[in-house]
Amino acid sequence: MIRLLAVLGALMLAAPAFAQKLPANLDKANAIVIDTTKGRVVVQLRTDLAPNHAERIKQLARDGYYNNVPFHRVIDGFMAQTGDGKNFNGTGGSKYPNLKAEFSNVPFTRGVVGMARASDPNSANSQFFIMFNDYPSLNGKYTVIGNVVSGMDVVDKLKRGEPVQNPDKMLKVQVASDIK
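On a predicted model such as this, the values are computed, not experimentally measured, just so you know.

Remarks on the overall build of the protein chain
When you go through the protein chain residue by residue, the secondary structure sums to 3 helices and 9 strands. The order of α-helices and β-strands along the protein chain, N terminus first, is α-β-β-α-β-β-β-β-β-β-α-β. Residue burial in the protein chain is summarised as follows: out of 180 residues, 47% are buried. Considering only contacts in the protein chain between residues 6 or more positions apart, those separated by 24 or more positions represent 68%. With the model as given, the accessible surface of the protein chain reaches about 9000 Å², and the carbon-plus-sulfur share is 53%.

Considerations on the pattern of salt bridges
Throughout the structure, instances matching the rule amount to 8 salt bridges. The shortest N-O distance in the salt bridge between aspartate 35 and arginine 40 comes to 2.8 Å. By relative accessible area, aspartate 35 is classed as buried at 0%. Using a relative accessible area of 5% as the deciding quantity, one classes arginine 40 as buried.

Concerning the confidence of the model for the protein chain
Across the protein chain, the average pLDDT comes to 92, with 89% of residues at or above 70. The model gives residues 13-18 a pLDDT under 50, and that stretch makes 7 contacts with residues more than four places away or in other chains.

Observations concerning the packing of aromatic side chains
In this structure the tally under the stated criterion is 5 aromatic pairs. Each ring, one from tyrosine 66 and one from phenylalanine 128, has its centre 5.5 Å from the other, and the planes form 90 degrees; the classification is edge-to-face. Highlighted residues: tyrosine 66 in the loop between helix H2 (51-63) and strand E3 (69-70) and phenylalanine 128 in strand E7 (residues 128-131), separated in sequence by 62 residues. Assigned by exposure class, tyrosine 66 and phenylalanine 128 land together as buried. Taking 6.0 Å as the distance between ring centres and 85 degrees as the angle between the ring planes, the aromatic pair formed by phenylalanine 129 and tyrosine 142 counts as edge-to-face. Separated by 13 residues along the polypeptide, phenylalanine 129 in strand E7 and tyrosine 142 in the loop between E7 and strand E8 (144-150) bring together distant segments of the chain. Relative accessible area serves as the criterion here: at 5%, phenylalanine 129 is assigned to the buried category. With relative accessibility at 22%, the residue tyrosine 142 sits in the partly exposed group. Pairwise contacts between aromatic rings join Tyr65, Tyr66 and Phe128 into one cluster. Sitting above the plane of the tyrosine 142 ring, arginine 117 keeps its charged end 4.2 Å from the centroid. Here the basic side chain of arginine 160 rests over the ring of phenylalanine 132, its NZ or CZ set 4.2 Å away from the ring centre.

Quick notes on the pairing of strand E2 (residues 39-45)
Burial within E2 is extensive, with 7 of its 7 residues counted as buried. Remark: 2 residues form the turn of the hairpin made by strand E1 (residues 31-36) and E2, two consecutive strands paired antiparallel.

A look at the nonpolar core
In terms of nonpolar packing, the biggest core is built from 34 residues, with Ile34, Val43, Ile57, Tyr66, Phe128, Val155 and Met170 touching the most fellow members. Considering each element in turn, this core owes the most residues, 4 residues, to H2. Every residue in contact with methionine 170, bar those within four places of it in the chain, is listed here: Ile34, Asp35, Thr36, Tyr66, Asn67, Asn68, Val69, Phe71, Thr82, Gly83 and Phe128. Ranked by size, the runner-up nonpolar core spans 11 residues in total, among them Met79, Met131, Leu138 and Val144.

A few points about unusual backbone geometry
Across the junction of glutamate 162 and proline 163, the peptide omega takes the value 5 degrees, indicating a cis bond. Tracing the chain through its elements places proline 163 in the loop between helix H3 (152-156) and strand E9 (169-175). Of note, phenylalanine 88 is a non-glycine position whose phi angle comes to about 65 degrees, a positive value. By the secondary structure assignment, phenylalanine 88 is in the loop between strand E5 (79-82) and strand E6 (112-115). Look at phenylalanine 88 and you get partly exposed, because its relative accessible area is 40%.

Scoring rules and cut-offs
Residues numbered from 1 in each chain as written. Predicted model: local features only at pLDDT ≥ 70, side-chain atom pairs only at ≥ 80, totals over all residues. Heavy atoms only, no water. Helix = DSSP H or I, 4+ residues; strand = E, 2+ residues; numbered from the N terminus. Buried < 20%, exposed > 50% of the residue type's maximum accessible area, 1.4 Å probe, protein only. Contact = heavy atoms within 4.5 Å. Areas by Shrake-Rupley, 256 points an atom, 1.4 Å probe, with all protein chains shown as cover. Salt bridge = Lys/Arg side-chain N within 4 Å of Asp/Glu carboxyl O. pLDDT = per-residue confidence, 0-100. Phe/Tyr/Trp six-rings, centres within 6.5 Å; stacked < 30°, edge-to-face > 60°. Lys NZ or Arg CZ within 6 Å of the ring centre and 35° of its normal. Pairing = 2+ DSSP bridges. Core = buried A, V, L, I, M, F, W, Y, C linked by side-chain atoms within 4.5 Å.

See the structure below:
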């Protein structure tokens, strides 16, 4: 009974996020909508910079891989990382093979979304991060996959930690064009 009430409470809190309109001029075929425990975040994917990474993000969103996945690493002044739908703690990846790096000259500034990886530049798989602030030391070393076009105020509200205790989650992640 308590679990049922908790689920109903979470859905009631998330309902306003699900009802929000998308930004005007959004390329819906190349955008993801992330409904979190704190609200909605909309990311415009940069298919011009990282077509393979953008396709992977859309594929995993359509697979439901990102649903109920925590923001497992959130460092104040740096970034919020998520996307481990396997182990939920930053150690897992998807069933798909790792991606070859698609580095660009786009700087890592506030609101930029990048792909997380291990020490091998060609090890990105499912995890991604959203920048809180500019971080030039990442430039040219990680793949930029998009920009937050709506909801940075939501990202700013995420619980901090490494690891995060009782982390905020991505409740549902969808490709914008798939939303009915």
